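Structural features, examined
Given next are the chains, with one letter for each unit.
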Amino acid sequence: MKRRLVELGLYATAPLAALVTTPILARALGPEDRGLLGVSVAVCSIAAMVAAWGQAESMLNGLRHNDAHLGASGRVLRLSAPIGAVGALALMILLGVPPLAALVSAVFIPLVAVGAVWRSVAVARQDTTHVAAASGLAATLRVVVIMGLALAGALTLVSSSATLQAALALGTLLALLPSAQRHYRSRPPAHYPRRATPLVGEFRAAMPYVAFGSLTAVTLRADVLVLQVFASPHDVGVYAACAALGQAGLAVSGYFKTRAQATLFSGQGAHATRRELFLAATISSGAVALVAVASEPITSALLGDQFQGATQVLRFVALSSWSVMMLDIVQGLVTAGLSRDKLLNLAAVGAVVTLTCLLVGVPAWGAPAAAAAVAMGASAAVAVGLRMLRRAAFL
């Protein structure tokens, strides 16, 4: 119980950090630059999945079946990570992000990709405390640096973009380094026979995971990008500021996701997995209801008068956050326990529903429709994922 409370406290650092950084960023950047920062974060999240080229999911599944190969993953990352960073840089500039802000964001994407692989190693070792510490350390670094820049009068779109990505990358790597070192010492390179598979073959083998990551990114991150195309800069900024509060809740879902995945490696059975899902649904429901009811004072206190219309948007974002948090956990279980085809089908359902709703709703109703689209897509994927897990006797 003590360990569970410590981990939950570490994960709670992220939403608490969002409460500190949201008003600072909103007041320092204003709606338009806050919208561009949201676009930058969304593109980097998508690019990080491409940069990792499915190695995080492949490593997690491989360690569960004792078929992981660290050397092969390293070969893939050395090529895919720079490609993901360059692609992100080009896309950000295309969407209107200033080149310097795009550059300082993209440069950290390879480190974020490595951190995703290290997280899989820690989960497979059931080292859930270090995974929680990664979330807590990244959030702490983000708060400290943003507050320091604000006090120095140096908080701009460029400096905030660099801070968000650097805190995520460095916080994750520093926290997971001990767990990764222990794993690599227990399984040195000589432990793995050299694979004769060409690099092209390694890339092809990871394609289902890459497709999964890309489709998941559409479900979770396409909202800001579609708004950037169809909505005004002010609406994008309002939505990005509200979405930052909602996405911070994913750190808490990361607590339950990590523990649920660990149950698959511990042999505790379906009862333990159901328990983690039930706790996640119950706790997140209470938090979402609280934010939805108190959205007006929250937006007034955190965002100020510049972000007009934020109250209604935050209500929709709060409601969509529950579906997104549950999707994060369900996808984690499917990644660790089921086949690649199941994983791909699950992600495709969420992406198709989300993108369809975004393209239909955003041009007519703007930011609230974007949040509703994410909620519909995530809910559809959760329903499909739970059915898959029941059929496989994981629930």
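First things first, this report covers the structure right here in the doc. All residue numbers refer to positions counted from 1 along the written sequence of the respective chain. Note on the predicted model: pLDDT of at least 70 is required for a residue's local features to be given, and 80 or more for side-chain atom pairs to be given and counted; whole-chain, interface and lining totals, by contrast, use all residues. Here the side-chain values reflect all heavy atoms present in the structure, with hydrogen atoms and water set aside.

1. What to know about the packing of helix H9 (residues 207-230) against helix H15 (residues 367-391)
Two quantities define a packed helix pair, namely the angle between the helix axes and the distance between the axes. Axis definition: a line fitted to C-alpha atoms, over the contacting stretch in the case of helices. Angles run 0 to 180 degrees between N-to-C directions. The helix count covers DSSP runs of H or I at least four residues long, the strand count covers runs of E at least two residues long, and both are numbered beginning at the N terminus. Running from N to C, H9 and H15 cross one another at 160 degrees; their axes reach a closest spacing of 9 Å. In terms of axis orientation, H9 runs roughly antiparallel to H15. Relative to H15, the crossing made by H9 is right-handed. Across the interface between the two elements, Thr219, Asp223 and Leu227 of H9 pack against Ala367, Ala370, Val374, Gly377 and Ala378 of H15. Taken together, the residues that form the contact of H9 with H15 break down as five nonpolar, two polar and one charged. Any angle from 65 to 115 degrees is called roughly perpendicular, while one under 35 is roughly parallel, one over 145 is roughly antiparallel, and all others are oblique. The hand of a helix crossing depends on one turn: near helix anticlockwise from the far one by less than a right angle means left-handed, and clockwise means right-handed. Here, residues are in contact when the closest pair of their heavy atoms is within 4.5 Å. Only Asp, Glu, Lys and Arg are considered charged, only Ala, Val, Leu, Ile, Met, Phe, Trp, Tyr, Cys and Pro nonpolar, and every remaining residue, Gly among them, polar.

2. Some details on unusual backbone geometry
Residues other than glycine seldom take positive phi values, yet Trp53 does so here, at roughly 45 degrees. Assignment of secondary structure puts Trp53 in the loop between helix H1 (2-52) and helix H2 (55-64). Trp53 sits in the buried class, given a relative accessible area of 16%. Throughout this description, buried means an accessible area under 20% of the type-specific maximum (1.4 Å probe, protein chains only), exposed means over 50%, and partly exposed covers the range between.

3. Re the nonpolar core
Ranked by size, the top nonpolar core spans 108 residues in total, and within it Val39, Met92, Ile109, Tyr239, Cys242, Leu303 and Leu389 carry the most contacts. Here the element with the most residues in this core is H1; it accounts for 16 residues. Leave out the neighbours within four places in its chain, and Leu389 touches Val330, Leu333, Val334, Leu338, Phe394 and Leu395. Buried Ala, Val, Leu, Ile, Met, Phe, Trp, Tyr and Cys residues that are joined via side-chain atoms within 4.5 Å together make up what is termed a nonpolar core. Counting five residues, the second-largest nonpolar core is a separate cluster that includes Trp53, Val76, Phe203 and Val210.

4. Some details on the packing of helix H11 (residues 270-293) against helix H13 (residues 310-337)
One can describe the packing of H11 onto H13 by two numbers: an axis separation of 9 Å at closest approach and a directional angle of 170 degrees. Taken together, the axes of H11 and H13 lie roughly antiparallel to each other. Here H11 runs over H13; the crossing is right-handed. Where H11 approaches H13, its residues Thr273, Leu277, Ala280, Ala281, Ser284, Ser285, Val288, Val291 and Ala292 are matched on the opposing element by Leu314, Arg315, Ala318, Leu319, Ser321, Trp322, Met325, Met326, Ile329, Val330 and Leu333. Looking at the contact of H11 with H13 residue by residue, the class counts come to 15 nonpolar, four polar and one charged.

5. Some points on the environment of Pro368
With respect to the secondary-structure elements, Pro368 resides in helix H15. Expressed as a C-alpha distance, the spacing of Pro368 and Gly309, which sit 59 residues apart in the sequence, is 9.8 Å.

6. A short note on a nonpolar patch on the surface
Any residue with relative accessible area above 30% and no salt bridge may belong to a patch, with like charges joined within 9 Å and the nonpolar Val, Leu, Ile, Met, Phe, Trp and Tyr side chains within 5 Å. To be clear on the numbers: accessible area is Shrake-Rupley with a 1.4 Å probe, and residue cover counts the displayed protein chains and nothing else. By salt bridge we mean one thing: a side-chain nitrogen of Lys or Arg within 4 Å of a carboxyl oxygen of Asp or Glu. A surface patch of nonpolar side chains, about 370 Å² in accessible area, is lined by Val229, Phe230, Leu355 and Leu359. Contributions of two or more residues to the nonpolar patch are made by H9 and helix H14 (340-365). With respect to the helices and strands, the residue Leu355 is situated in helix H14. Assessed through its relative accessible area of 34%, Leu355 is described here as partly exposed.

All quantities given are derived from atomic positions and should not be read as evidence of function.
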